Amino acid sequence: MESTTPIVMGSDHAGYALKKFIKEYLTVSDFEVEDCGTFSEDSVDYTDFGIQVAGKVSAGDFNRGILVCGTGLGMSMVANRFKKVRAALCNDLFSAIMSRRHNDSNILVLGGRVVGSELAKEIVNVWLKTPFEGGRHRKRIEKFDTI
Ligand code: RB5
């Protein structure tokens, strides 16, 4: 993925530190990042930030988004309520690669209380650079739209 691809990000308080770390990493790597918050470790509802980010990806304003909460579970649940969103909770490298190859994931979800920052950076790297394989996998993901 080209570093000109804009990325929309969001987190709750439990994901704030990891979001900040990844945002800084992406920014120095020349990615354009829109940060929907949260902007501190004060307690907030992950739902509010998942809705903002998934809404922008669903609307086509962004092709890629990254969400972080404590486990990644709540964020992936809320994001996958949105049409055209394929949010993948990937706290390991293999899942991140396969979520791109087979599922064309367009939102990466991370657990800030699950993965360390260096692993998260590698997960983001492989997720951004791994292409969708298409073919038989395309017809499978297209069936999501029939629900
Ligand atoms: C916040 O305490 C925590 O519940 C949230 O970050 C997330 O893990 C929810 O799924």
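Note: the structure precedes this text.
The paragraphs below set out a description of the structure included in this document. (Residues numbered from 1 in each chain as written. Predicted model: local features only at pLDDT ≥ 70, side-chain atom pairs only at ≥ 80, totals over all residues. Heavy atoms only, no water.)

Along the chain, Val85 turns up in the loop between helix 3 (73-79) and strand 4 (87-89). Through-space distance from the C-alpha of Val85 to that of Asp45 is 20 Å; in sequence the pair is 40 residues apart. Ignoring sequence-local partners within four residues, the contact set of Val85 consists of Ala54, Val57, Ser58, Ala79, Asn80, Asn106 and Ile107. (Helix = DSSP H or I, 4+ residues; strand = E, 2+ residues; numbered from the N terminus. Contact = heavy atoms within 4.5 Å.)

Turning our attention to the sheet that holds strand 2 (residues 33-35). Spatial ordering of the open sheet is given by 2-1-3-5-4, a layout of five strands whose pairing is parallel. Edge positions in the sheet fall to strand 2 and strand 4, since each has one partner strand and no second. Direction aside, the axes of adjacent strands within the sheet are offset by 20° on average. Together, strand 1 (7-11), strand 3 (64-69) and strand 5 (107-111) form the strand contacts of helix 5 (residues 117-129), whose direction differs from that of strand 5 by roughly 165°. (Pairing = 2+ DSSP bridges. Axes fitted to C-alpha atoms, helices over the stretch in contact; angles between N-to-C directions.)

Surveying the vicinity of the ligand reveals the residues Asp12, His13, Ala14, Tyr46, Cys69, Gly70, Thr71, Leu73, Gly74 and Arg113. In this structure, Arg113 approaches the ligand through a side-chain N or O atom, which is 3.4 Å from an oxygen atom. With the chains in place, 71% of the 290 Å² that the ligand exposes on its own is no longer accessible. Its residues assigned to classes, the shell around the ligand shows four nonpolar, four polar and two charged. (Near = heavy atom within 4 Å. Polar contact = N/O pair within 3.5 Å; in protein donor to acceptor, adjacent residues only side chain to side chain. Areas by Shrake-Rupley, 256 points an atom, 1.4 Å probe, with all protein chains shown as cover. Nonpolar A, V, L, I, M, F, W, Y, C, P; charged D, E, K, R; others polar.)

Below, the discussion takes up the nonpolar core. As a rule of thumb, soluble globular proteins bury nonpolar side chains together. Ranked by internal contacts, the top residues of the largest apolar core, which has 20 residues, are Ile22, Leu26, Ile66, Leu108, Leu110 and Val124. Of all elements in the fold, only strand 1, helix 1 (16-28), strand 3, strand 5 and helix 5 reach the threshold of two or more residues within this core. In terms of residue count, helix 5 provides more of this core than any other element does, six residues in total. Among all residues touching Val124, those that are not within four sequence positions of it are Ile22, Leu26, Ile66, Leu108 and Leu110. With 15 residues, the next largest nonpolar core counts Phe49, Val53, Phe62 and Val109 among its residues. (Core = buried A, V, L, I, M, F, W, Y, C linked by side-chain atoms within 4.5 Å. Buried < 20%, exposed > 50% of the residue type's maximum accessible area, 1.4 Å probe, protein only.)

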